[in-house]
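Letter by letter, the chains look like this.
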Amino acid sequence: MKKQNSIFSLVLIGIFVLYMIIPIIATYMFSIATKWDVSILPEGYTLDWYQTAFDHPYFSITLTNSFIVSFSAVLAGLFFIVPTTYWVHTRVPSAKPLLDLLMILPFGIPAVVLALALIRVYNFQPVARSPFLLISGCVIFSMPFMYRPVSNSLMAIDVHTLTESALNLGANTFQILVRVIAPNIMPGILSGALLVFATVFAEFTLANLITGASFKTFPLLLVEFTKRDGRVAAALSVISFTVAWIASLAILWVSGRGHKPTEEVVAAH
Amino acid sequence: MAYLDLKNVSKLFGTVAAVKDFNLAVEKGEFVSLLGPSGCGKTTTLRMIAGFEMPDAGTITLAGDDITIVPPNKRGTGMVFQAYALFPNMTVRDNVAFGLEVTGHPKAEIDERVREMLAIVRLPDAGKRYPHQLSGGQQQRVALARALAIRPRVLLLDEPLSALDAVVRVALRGEIRKIQLDLGITTVYVTHDQEEALSISDHVVVMNQGLIEQLGTPEEIYRQPKTRFVAAFIGTANQLHGVVVDRAQVQFGTMMLRAPVPSNLSASHQVVVLVRPESVTIHSAAPSSNQQNVLEGTIQTITFLGPITRIAVDVSGTRVVADVTAANRAALSHNQPVWLAFDPEACQVMASQ
Ligand SMILES: Nc1ncnc2c1ncn2[C@@H]1O[C@H](COP(=O)(O)OP(=O)(O)OP(=O)(O)O)[C@@H](O)[C@H]1O
Ligand SMILES: [Mg+2]
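Described below are features of the structure shown in this document. Since this is a predicted model, take the numbers as computed values, not measurements.

## Comments concerning unusual backbone geometry
1) Next: Cis geometry marks the peptide bond from A:Gln125 to A:Pro126; its omega dihedral reads 0 degrees.
2) Next: Positionally, A:Pro126 belongs in the loop between α6 (111-121) and α7 (131-156).
3) Next: The residue B:Gln209 is not glycine, and still its phi comes out positive at about 50 degrees.
4) Next: Following the sequence through the fold, B:Gln209 ends up in the loop between β9 (203-208) and β10 (211-216).

In C-alpha cells:
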C-alpha cells in the first residue's frame, strides 16, 4: 500500500517535471538549431540566432528598459511595501485583514483592465503613457509578491518585543527597521524581491498597452520576433530565462552569505 | 520629590482599568519590586515607566524630569523583557553595543563599555556568539548587559527569570541584586513570585486588580500584612475567623484567643486572626503554658517539604497548619490528637470582608 503510493507520487512528479521541462529544453534546442522541421533532432547547430538577437538595435535598449522597470518595482517594494507591512504589524494590527484583502486584489484585476484604467485616469502630462506610469502599474501588480513573504516573515519573529527592545535602547524607527527588523526578515524580503523581479521582467500586457513602442521592454521584442523568426524568439526566451536565473542565484548568494544565523533562528521560531 | 515618582497614574484598556490611581515613589539606588497575581497590572505599570503605554491620568517623573509623554526612545530607561528579546541577527557584542551605536557613541568608548558590561554579567568571552548559541540564563545576562550598557537612569525588569529553571532562577536573582547594589542603579522589578520579591528587594509593592494593597520592606510585608489579600498572597497564613471580645481577646469558636486587637476594631467586630505556620508549635500532650494560645485538634495531613514538614491539623472544622523540623516530625502520625500553641504576639488581627 505504502509502496504503491510512493510509486504513484513519483510517477506524478515525473509527469509534472516533464511537463514543465520539455518546453524549456525544446526552446533551448530550437534556439541553437540550424534546421528542425522534418527530423526528430535538429539537423545542425549554430549560434546565429543569438548573433541576430544581439545585433538587433532594440536588443540592448529593451533589455535595459526591462531592467529599469524590474529594479524600480523591486525598489518600490522595498521602500513602500516592507515599511507599510511592518507598520501595520506593529502599530495597527487591526488593519491587517484589510491589507491582506487589498493584497489579493491585483490577482483579481486582469492586466488589461489595470492598464486601460491607468491610461484613462492618468491621462495628463507628464505621466500619461510614461515609463513612470508603467513602473507604477508594475508596482501595483507585483505588490502581493513582496507583501506575502514579508508578512509571513514578520509573523515568524517577535516583532513587538524586538521593536520595543530597540526603542528602549534609544533607536529611532528608521534604525529599528534597517538594523533590527530587516535583517531578521531577510529571507522574506529576498524571496519577495525575487518574485517581483521575475514577474515584472516577464510582464507584457502593461508594457504593451501603457508605453508600447515609446518604451519597449524585452517581452515586447520577444513577441515581435515570434511573428518574424521563431528561432530568434527562442534565443531571446533563453536569454530571458538566463536573466531570471542569474537574478535568483545572485539573491540566493547574497542571502547565503550574510545571514546564516538569521535563517537558522527564523527556522527555529 | 523622589527620584522616580508615579503620581495618581491610571491606565484603561477599553473598559478594563489595568492600573488605578497608582502612587509610587522610588528613591535613587533603590530596588523596588511590583508583586501580585496575574493580570494585576504589574507589566502595565512598568510599561508606562518605559513609555510603551501612555497613562490615561497622572504623571511620571524621573530625576526631576516629567517623562509622562516622552517617547520611549528618549527616556533613558533600560528594560529587560521576559521573553529573551535579544536581536537574533546580532552577536552578543553587537547586542550590547546596539544602544550606544544608535545614539552615536565613539567606537572606542563602545568597545570599552561592552567589555565592562560583559564582565559584569560574567560572560567576558561570549562577545562573538549569537543569541541562539546561548542558554536561557546566559541570554538573560546578555539582555541585562545590553540594558545596563546605555547607563539607564532606571533599570526595569519584567519577570526576567520566569522562563528559566529553578536553580538558574535563584542564582541569577542573587546576581541581579548584587549588580544592582554594585552599580547603585535604581531598579523596578516585576514578578509574581513572592519569594523572589522578598529576597532581593528594598521595598515591595503588593498589587491587586490595579491597586496597591501594601507597600513596605519585605519584612513588613511578611510580618505585618495590612490586608487579608496580602496575608494570603505572601507566604502561608492560617486564618482563624472570630469575633472581637476586647483589646486583647478574640472569640474563636468556643475558644478564646489572646491577640493584640487594633484600636479600630471594637467589640463584636467580625475579624480574622492570622498566624504563620512557622509560629505554631505542635505537641502530643496539652502544653502547660498559659501564656500561649492553645488549640486542640487531630492531624489531617503530613507534607514533607525538605527542610520542614507541614502538618495540617483539623481544629473543630478549621484547618490550621504548623511547620515543624524533622526532629519534631518523627513522633507524629495521621489522625493523632495534638495540641497547637502560638504566642499572642505572633497573631495579627484584621477585619474580615
Ligand atoms: N494591550 C492590552 N489591551 C487590552 N488589555 C490589556 C492590554 N495589556 C494589558 N491588558 C489588561 O490589563 C490588565 C493588567 O495586565 P498586565 O499585563 O499589566 O498584568 P500583569 O500584572 O503583568 O500580569 P502577568 O503576571 O500575567 O504578566 C489585565 O486585565 C490585562 O488583560
Ligand atoms: Mg506581566
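There's plenty left to go through after this.
## Thoughts on the site of ligand 1
Residue and element names in this part refer to chain B.
1) Next: Near ligand 1 the following residues occur: Phe 13, Val 16, Ala 18, Pro 37, Ser 38, Gly 39, Cys 40, Gly 41, Lys 42, Thr 43, Thr 44 and Glu 159.
2) Next: Here Thr 43 contributes a side-chain N or O atom positioned 2.6 Å from an oxygen atom of ligand 1.
3) Next: Residue Glu 159 places a side-chain N or O atom 3.3 Å away from an oxygen atom belonging to ligand 1.
4) Next: Taken by itself ligand 1 offers 630 Å² of open surface, and the protein chains cover 59% of this.
5) Next: Contributions of two or more residues to the shell around ligand 1 are made by β2 (16-26) and α1 (42-50).
6) Next: Looking at the shell around ligand 1, the element that brings in the most residues is α1, giving 3 residues.

## As for the layout of surface pockets
All names here are of chain A.
1) Next: Its volume calculated, the largest pocket comes out at about 570 Å³.
2) Next: Lining of the largest pocket is provided by 24 residues; of these, Val 74, Leu 75, Leu 78, Met 186 and Ile 189 occupy positions nearest its centre.
3) Next: Looking at the lining of the largest pocket, the elements with two or more residues in it are α3 (57-90), α9 (173-184), α10 (186-201) and α13 (230-258).
4) Next: If one sorts the elements of the lining of the largest pocket by residue count, α3 sits on top with 8 residues.
5) Next: The residue makeup of the lining of the largest pocket, split by class, is 23 nonpolar, 1 polar and no charged.

## Let's talk about the sheet that holds β10(B)
Residue and element names in this part refer to chain B.
1) Next: As summarised here, the arrangement of the 6 strands in space is β6-β7-β8-β3-β9-β10, forming an open sheet in which the pairing is mixed. Edge strands, defined here as strands with exactly one partner in the open sheet, are β6 (77-80) and β10. The average angle at which neighbouring strand axes cross in this sheet is 20 degrees, direction not considered.
2) Next: Sitting on the sheet, helix α4 (residues 136-149) touches β6 and β7 (154-158), and the angle it makes with β6 is about 170 degrees.

Rules used throughout
Residues numbered from 1 in each chain as written. Chains lettered and ligands numbered in written order. Predicted model: local features only at pLDDT ≥ 70, side-chain atom pairs only at ≥ 80, totals over all residues. Heavy atoms only, no water. Helix = DSSP H or I, 4+ residues; strand = E, 2+ residues; numbered from the N terminus. Near = heavy atom within 4 Å. Polar contact = N/O pair within 3.5 Å; in protein donor to acceptor, adjacent residues only side chain to side chain. Areas by Shrake-Rupley, 256 points an atom, 1.4 Å probe, with all protein chains shown as cover. 1 Å grid on protein atoms, 1.4 Å probe; cavity = no way out; pocket = protein on both sides within 12 Å on 5 of 7 lines; lining within 4 Å. Points joined across faces, edges and corners; volume = space filled by probe spheres on them. Nonpolar A, V, L, I, M, F, W, Y, C, P; charged D, E, K, R; others polar. Pairing = 2+ DSSP bridges. Axes fitted to C-alpha atoms, helices over the stretch in contact; angles between N-to-C directions. Contact = heavy atoms within 4.5 Å.

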